[in-house]
Amino acid sequence: MRLDKYLKVSRLIKRRTVANEACDNERVSVNGRIQRASYDVKVGDRISIRFGQRTLAVEVLSVQDNVGKADAAAMYREIEATDSLS
């Protein structure tokens, strides 16, 4: 599954267009490398997303095309969230 679609389906980012823009603006990295929206997400990948001062890191547990809102959080495991105040 494409990275931008995974971010939307897992509800890490609300809209696919916003996920695509985040990838274009180099705010999303997978396994330590900045990736494009077309990157193919696999189980075990570690995704880091920068939201302004905050960085969210998750590990991919499953890749599914359609998931209900209640089950979306089961697609990933949060590794760390950091706030940068400087």
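Model, not experiment: these values are computed from the prediction. (Residues numbered from 1 in each chain as written. Predicted model: local features only at pLDDT ≥ 70, side-chain atom pairs only at ≥ 80, totals over all residues. Heavy atoms only, no water.)

(A) Structural view of the pairing of strand S3 (residues 46-51). With three bridges joining them, strand S1 (residues 28-30) and S3 adopt antiparallel strand pairing. Directly across from Ser 29, in S3, lies its bridge partner Ser 48. Here S3 pairs with strand S4 (residues 54-60) via six bridges, running antiparallel. Bridge pairing links Ile 49 to Leu 56 in S4. (Pairing = 2+ DSSP bridges. Helix = DSSP H or I, 4+ residues; strand = E, 2+ residues; numbered from the N terminus.)

(B) Expanded view of unusual backbone geometry. Here the phi dihedral of Arg 11 falls at roughly 65 degrees; this positive angle occurs in a residue that is not glycine. Relative to the helices and strands, Arg 11 is located in the loop between helix H1 (3-9) and helix H2 (16-24). Despite not being glycine, Glu 26 shows a phi value in the positive range, around 55 degrees. Here Glu 26 shows up in the loop between H2 and S1.

(C) Quick look at H2. Along H2, the residues classified as buried are Ala 19, Ala 22 and Cys 23. One side of H2 holds all its buried residues, which, seen down the axis, span an arc of 100 degrees. Along H2, the residues that are exposed and aim more than 90 degrees away from the buried face are Thr 17 and Asp 24. Tucked into the core, H2 has its buried residues touching H1 and S1. Just downstream of H2, Glu 26 is the residue with a positive phi angle, here 55 degrees. (Buried < 20%, exposed > 50% of the residue type's maximum accessible area, 1.4 Å probe, protein only. Arc of directions from axis to C-beta. Contact = heavy atoms within 4.5 Å.)

(D) Representation of the pattern of salt bridges in the model. Scanning the model with the defined rule gives five salt bridges in all. The salt bridge involving Lys 5 is made with Asp 65; its shortest N-O contact spans 3.8 Å. With Lys 5 in helix H1 and Asp 65 in the loop between S4 and strand S5 (76-83), this residue pair connects regions lying 60 residues apart in the sequence. According to the relative accessible area criterion, Lys 5 is partly exposed, its value standing at 27%. The salt bridge partner of Arg 77 is Glu 59, with a shortest N-O separation of 2.3 Å. With Arg 77 in strand S5 and Glu 59 in strand S4, this pair connects stretches of sequence that are 18 residues apart. Members of the salt-bridge network, linked through shared partners, are Arg 2, Asp 4 and Arg 16. (Salt bridge = Lys/Arg side-chain N within 4 Å of Asp/Glu carboxyl O.)

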